[in-house]
There are 2 protein chains.
Amino acid sequence: MAVFSEHFLMRDAHQPGEKIVLLVMDGLGGLPLETGGKTELETAHTPNLDRMAAEGSIGLSIPVRAGIEPGSGPAHLSLFGYDPIQYEIGRGVLEAMGIGFALDKNDLAARGNFATVAADGTITDRRAGRINTDECVRLAAKLQAATGASLPGYEVFVRPVEEHRFVLVIRGAGLGGDLSETDPLVTGKKPMLVEDQSGTAEGAHSAALVNRWVEGARAVIADELKANSLNLRGLAKDPGLPSFGEIYGLRAAAIAVYPMYKGVARLVGMETIEFAGDRPHHEIEALERMWNEYDFFFIHIKKTDSYAEDGNFDAKVHEIEAVDAVMPRILALNPGCVIVTGDHSTPAKLRSHSWHPVPTLLWSPRAMPDAVQTFGERACAGGHMGVFHATTLLPQAMAHAGRLKRFGA
Amino acid sequence: MAVFSEHFLMRDAHQPGEKIVLLVMDGLGGLPLETGGKTELETAHTPNLDRMAAEGSIGLSIPVRAGIEPGSGPAHLSLFGYDPIQYEIGRGVLEAMGIGFALDKNDLAARGNFATVAADGTITDRRAGRINTDECVRLAAKLQAATGASLPGYEVFVRPVEEHRFVLVIRGAGLGGDLSETDPLVTGKKPMLVEDQSGTAEGAHSAALVNRWVEGARAVIADELKANSLNLRGLAKDPGLPSFGEIYGLRAAAIAVYPMYKGVARLVGMETIEFAGDRPHHEIEALERMWNEYDFFFIHIKKTDSYAEDGNFDAKVHEIEAVDAVMPRILALNPGCVIVTGDHSTPAKLRSHSWHPVPTLLWSPRAMPDAVQTFGERACAGGHMGVFHATTLLPQAMAHAGRLKRFGA
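Fair warning: this is a prediction, and the values are worked out from it, not measured in the lab.

S.K.: What's the story with the overall build of chain A in this structure? I'm lost.
M.R.: When helices and strands are tallied, chain A shows 14 helices and 13 strands. The globule rule puts the C-alpha radius of gyration for 409 residues at 22 Å, and the 22 Å found for chain A is close to it. Here the C-alpha coordinates of chain A stretch approximately 65 × 50 × 40 Å along the principal axes. Expressed as a percentage of its 409 residues, the buried residues of chain A come to 59%. For chain A, the proportion of contacts with a sequence separation of at least 24, taken over those separated by at least 6, is 74%. Positive and negative side-chain charges in chain A, numbering 39 and 51 respectively, have mean positions lying 1 Å apart.

Right, dumping it as structure tokens:
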């Protein structure tokens with residue numbers, strides 16, 4: 001399946017209309033545990049989603065390309081209408097965005113992992129025994145104090161994320177290139193040096209700069225019990241994506257618990273809504289509170305994916321049911337279009353993201369009703385939306401919310 | 001959805017074969033008026049189309065792109081296998097084609113609308129009270145006589161269309177550019193000057209020329225009661241589309257009542273068949289009469305769309321039934337492939353074109369039969385053709401009519 005950028009069509013055609021809600025249950029798609037069995041979504045008791053499926057259109061979404069198992073970043077970019085093959089975003093940038101770090105266009109960002117190394121420098125634990133977040137905060141502050149001014153002409157920021165994860169940002173002129181990672185991805189090996197794969201002067205300079213920081217930083221924490229070393233991954237700059245708000249003419253906001261998903265939403269220019277709590281009904285309270293302030297709401301539900309990665313089929317089923325329970329509150333707000341989908345599939349059976357097309361529901365007063373009466377993988381295979389590329393979802397939502405002018409006479 | 005041009009495949013692979021009929025019910029796709037109800041097509045009693053659906057393959061066609069509500073021009077280009085994103089056609093060109101005006105490649109064509117203006121020049125009626133067509137004929141002749149030679153070095157043609165609509169064609173060297181329209185699209189404002197948005201010398205010259213004609217033409221009709229002014233829209237040149245006949249190796253003819261649809265057919269190089277009457281059975285009589293003369297017939301049914309734009313659900317249902325009634329006469333001619341589809345959806349519920357995928361039926365002695373026994377939107381969602389882009393329809397018809405050679409050994 002080839003993918004066409006609808007951005008220029010959207011820029012030309014958008015007009016004011018009704019509100020759009022994009023509710024993403026992370027890793028929604030699943031598999032039966034046994035032949036002849038039901039998937040997580042098919043097992044869940046979802047009277048509200050079933051009614052919405054009967055009134056609306058359903059189908060199966062391909063996040064990146066047929067057969068491709070996507071990470072969270074690319075999968076969400078697709079849902080926002082940005083082909084992730086065209087727009088590649090480094091993990092460091094996503095991580096920095098995720099903790100709300102105000103990244104400049106020229107900053108170089110990396111995802112950092114504290115690690116444990118043996119006396120000879122070989123890695124014994126790539127996650128430093130998953131130190132707790134308080135430890136992470138202490139270590140990041142220690143690194144900030146000792147290395148913040150260690151690169152003349154550059155500012156260095158070290159920020160904690162959670163557990164063993166932190167963010168490194170280097171700010172200054174002339175950064176760039178295509179930089180490799182230090183993490184060998186297995187224990188028993190030593191970390192690697194960062195190398196530039198772009199062949200540019202900028203890249204060579206940046207690689208040298210990062211290696212110098214890494215060497216100094218490792219010295220600073222060498223006396224720690226667990227986190228006595230570190231690795232950098234996903235070194236990248238903000239690719240400068242075209243603005244979601246400008247493409248679609250939408251004031252857009254994200255409602256998400258986890259930093260990563262706020263980050264990818266900010267990357268395309270959405271604002272993020274802060275709220276207390278981490279359950280689906282807390283997210284809906286935030287939606288209700290901010291309903292009049294925005295045209296478009298992205299709501300992210302994380303635990304469907306987390307439970308599936310743990311292999312916990314039943315917990316994923318219950319989380320889907322918790323989301324089903326809040327759907328009437330969304331419909332009560334009179335949206336023009338509600339989409340319920342996943343960013344990718346995460347079958348509990350596989351304990352991992354997968355490449356399977358994702359069950360998707362589009363509800364709208366203007367939707368074409370399908371023959372089906374339920375929301376599930378098998379039902380979606382016979383739905384009006386067919387098997388479609390995820391980047392075409394936003395244009396469909398725009399149309400159903402009355403937000404697109406006619407193309408041609 | 002990205003669209004790949006199958007033209008080069010068709011040029012390489014076409015061979016003689018059986019005849020193809022493409023019957024387009026304008027705005028065929030619909031919506032139920034109420035939750036749980038049926039669409040227009042599902043409501044219609046269509047025993048012949050249902051039998052053809054059972055014997056053939058059905059599916060849902062996306063005219064331009066997912067979510068995009070198309071105008072008639074782009075929607076028909078797609079059905080003929082020309083991606084309208086790639087081939088953009090100005091409305092002026094379509095209108096000129098529609099009245100059978102023999103447009104040269106270098107002609108600049110515009111759609112004209114007679115309008116009513118107040119003493120201060122502000123528009124009070126953009127359609128001059130929808131004057132009748134006799135009035136339009138008289139006014140066009142008056143303008144032709146007074147302005148035909150008003151632009152030294154250029155020929156000017158003013159031709160009536162119907163009601164308040166006319167066509168202006170300027171013929172001569174060096175015309176072009178990207179020209180704006182004079183119509184402010186609302187009453188209470190004055191018409192605008194034509195401006196060139198291409199920044200070329202050709203464009204600036206053409207804008208000046210058109211503005212000069214408009215000024216003179218308005219003076220000629222300033223004493224009229226209703227049509228005392230005019231506006232120009234869709235100023236454009238023939239984009240020079242590749243020939244339908246050459247791409248597919250087909251002698252192709254159009255059977256249509258309305259000028260617009262004859263125009264778009266001529267634009268790709270089809271011939272048009274003249275006939276008396278305006279009902280579906282008149283069009284089938286023309287088909288029977290000319291059956292031996294062509295390989296491919298495009299039959300256009302307009303009123304399914306017109307009734308739906310009026311919000312008349314029942315009249316659209318009856319028009320679909322009138323088309324169903326003539327289907328046995330088409331099959332009696334022993335075609336190799338018959339396609340029944342719409343150019344886009346026009347749900348009576350919305351009183352407008354819409355973006356919903358269009359129910360499509362492909363009947364052929366070589367078709368893969370579907371499980372379904374009826375022709376309707378919900379049935380099509382489960383059909384063999386899936387959800388497909390309209391530009392892929394002609395290649396499928398070619399195959400079913402035995403008109404394509406194998407690709408590769």
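S.K.: Help me understand the relation of the copies chain A and chain B, please; the structure alone is not making it clear to me.
M.R.: The relation between the two chain copies is a rotation about an axis coupled with a shift along that axis. Rotating chain A by 124° and moving it 0.3 Å along the rotation axis overlays it on chain B with an RMSD of 0.2 Å. The symmetry that links the two subunits is that of a three-fold axis. Take the interface residues of chain A: only 7% of them recur as interface residues in chain B, which is what a contact between different surfaces looks like.

S.K.: Help me understand the nonpolar core, please; the structure alone is not making it clear to me.
M.R.: Soluble globular proteins tend to bury their nonpolar side chains together. Counting residues in each nonpolar core, the largest one holds 60 residues, and the members touching the most others are L22(A), F80(A), Y82(A), F244(A), M270(A), F296(A) and F298(A). With residues near it in sequence (within four places) discarded, L22(A) still touches L79(A), F80(A), F296(A), F297(A), F298(A), I299(A), I339(A), T341(A) and L394(A). Core analysis: the next-biggest nonpolar cluster, separate from the first, contains 51 residues, F80(B), L103(B), V161(B) and L394(B) among them.

S.K.: Would you take a moment to explain helix α7 (residues 201-221) of chain A for this structure?
M.R.: An α-helix turns once every 3.6 residues. As a result, residues three or four positions apart point the same way. Residue and element names in this part refer to chain A. Its 21 residues give α7 an end-to-end C-alpha distance of 31 Å, which sits within 8% of 30 Å, the value for a rise of 1.5 Å per residue. Every buried residue belonging to α7 is among G203, S206, A207, L209, V210, N211, W213, V214, A217 and I221, and all of these are buried. Check the buried side of α7 and you find it contacts β3 (108-117), α6 (133-147), β5 (155-162), β6 (165-171) and β7 (229-236).

S.K.: Hey, could you run me through the interface of chain A and chain B in this one?
M.R.: Buried accessible area, meaning the area lost when the parts come together, often serves as the stated size of an interface. If you look at the interface, chain A gives 30 residues, while chain B gives 36 residues. Carbon and sulfur atoms supply 66% of the area that chain A and chain B bury against each other, a total of about 2500 Å² over both sides. Remark: the boundary between chain A and chain B carries 1 salt bridge. When the shortest N-O distance is used, the salt bridge between E69(B) and R406(A) registers 2.9 Å.

S.K.: I tried to follow the pattern of salt bridges on my own but got confused; where do I start?
M.R.: Pairing between side chains becomes possible if they bear opposite charge and their charged atoms approach one another. For the structure on display, the rule yields 49 salt bridges over all chains. Here E18(B) makes a salt bridge to R366(B), at a shortest N to O gap of 2.8 Å. Here R366(B) lies in the loop between β12 (358-363) and α13 (377-380) and E18(B) lies in the loop between α1 (7-13) and β1 (20-25), a separation of 348 residues in the sequence. Classification of R366(B) as partly exposed rests on a relative accessible area of 43%. Overlapping salt bridges bring together E135(A), R138(A), K142(A), D223(A) and E224(A) as one network.

S.K.: Teacher, can you tell me more about the packing of helix α3 (residues 47-55) of chain A against helix α12 (residues 313-331) of chain A here?
M.R.: All names here are of chain A. At a closest axis distance of 7 Å, the pairing of α3 and α12 adopts a crossing angle of 55°. On the basis of the axis angle, α3 is oblique to α12. Two secondary-structure elements touch here, α3 through P47, N48, L49, R51 and M52 and α12 through D324, A325, M327, P328 and L331. Considering only residue class, the contact of α3 with α12 consists of 7 nonpolar, 1 polar and 2 charged.

S.K.: Sorry, what's going on with the state of the cysteines here?
M.R.: In a disulfide, the sulfur atoms of two cysteines are held together by a covalent bond. Scanning the model with the defined rule gives 0 disulfides over all chains in all. C337(A) carries a free sulfur, and the closest cysteine sulfur to it, the one in C380(A), is 15 Å from it.

S.K.: Is there a simple way to explain the packing of helix α10 (residues 280-290) of chain B against helix α12 (residues 313-331) of chain B in this structure?
M.R.: Angle between the axes and distance between the axes are the two parameters that describe a pair of packed helices. Residues and elements named next belong to chain B. One way to put it is that α10 packs onto α12 with a least axis distance of 9 Å and a crossing angle of 20°. Between α10 and α12, the angle is such that the two are roughly parallel. The hand of the α10/α12 crossing is right-handed. Contact with α10, carried on its side by P280, H281, I284, E285, L287 and E288, involves E319, A322, V323, V326, R329 and I330 of α12 and no other residues of that element. Residue classes in the contact of α10 with α12 are distributed as 7 nonpolar, 1 polar and 4 charged.

Calculation rules
- Residues numbered from 1 in each chain as written.
- Chains lettered and ligands numbered in written order.
- Predicted model: local features only at pLDDT ≥ 70, side-chain atom pairs only at ≥ 80, totals over all residues.
- Heavy atoms only, no water.
- Helix = DSSP H or I, 4+ residues; strand = E, 2+ residues; numbered from the N terminus.
- Rg over C-alpha atoms; globule rule 2.2 N^0.38 Å.
- Buried < 20%, exposed > 50% of the residue type's maximum accessible area, 1.4 Å probe, protein only.
- Contact = heavy atoms within 4.5 Å.
- Lys, Arg positive; Asp, Glu negative; His and termini not counted.
- Charge placed at Lys NZ, Arg CZ, Asp CG, Glu CD.
- Least-squares fit on C-alpha atoms with pLDDT ≥ 70 in both.
- Core = buried A, V, L, I, M, F, W, Y, C linked by side-chain atoms within 4.5 Å.
- Expected span 1.5 Å × (residues − 1).
- Buried area = accessible area lost by both parts, 1.4 Å probe.
- Salt bridge = Lys/Arg side-chain N within 4 Å of Asp/Glu carboxyl O.
- Axes fitted to C-alpha atoms, helices over the stretch in contact; angles between N-to-C directions.
- Parallel < 35°, antiparallel > 145°, perpendicular 65-115°, else oblique.
- Nonpolar A, V, L, I, M, F, W, Y, C, P; charged D, E, K, R; others polar.
- Disulfide = S-S within 2.5 Å.
- Left-handed = near helix turned anticlockwise from the far one by under 90°.

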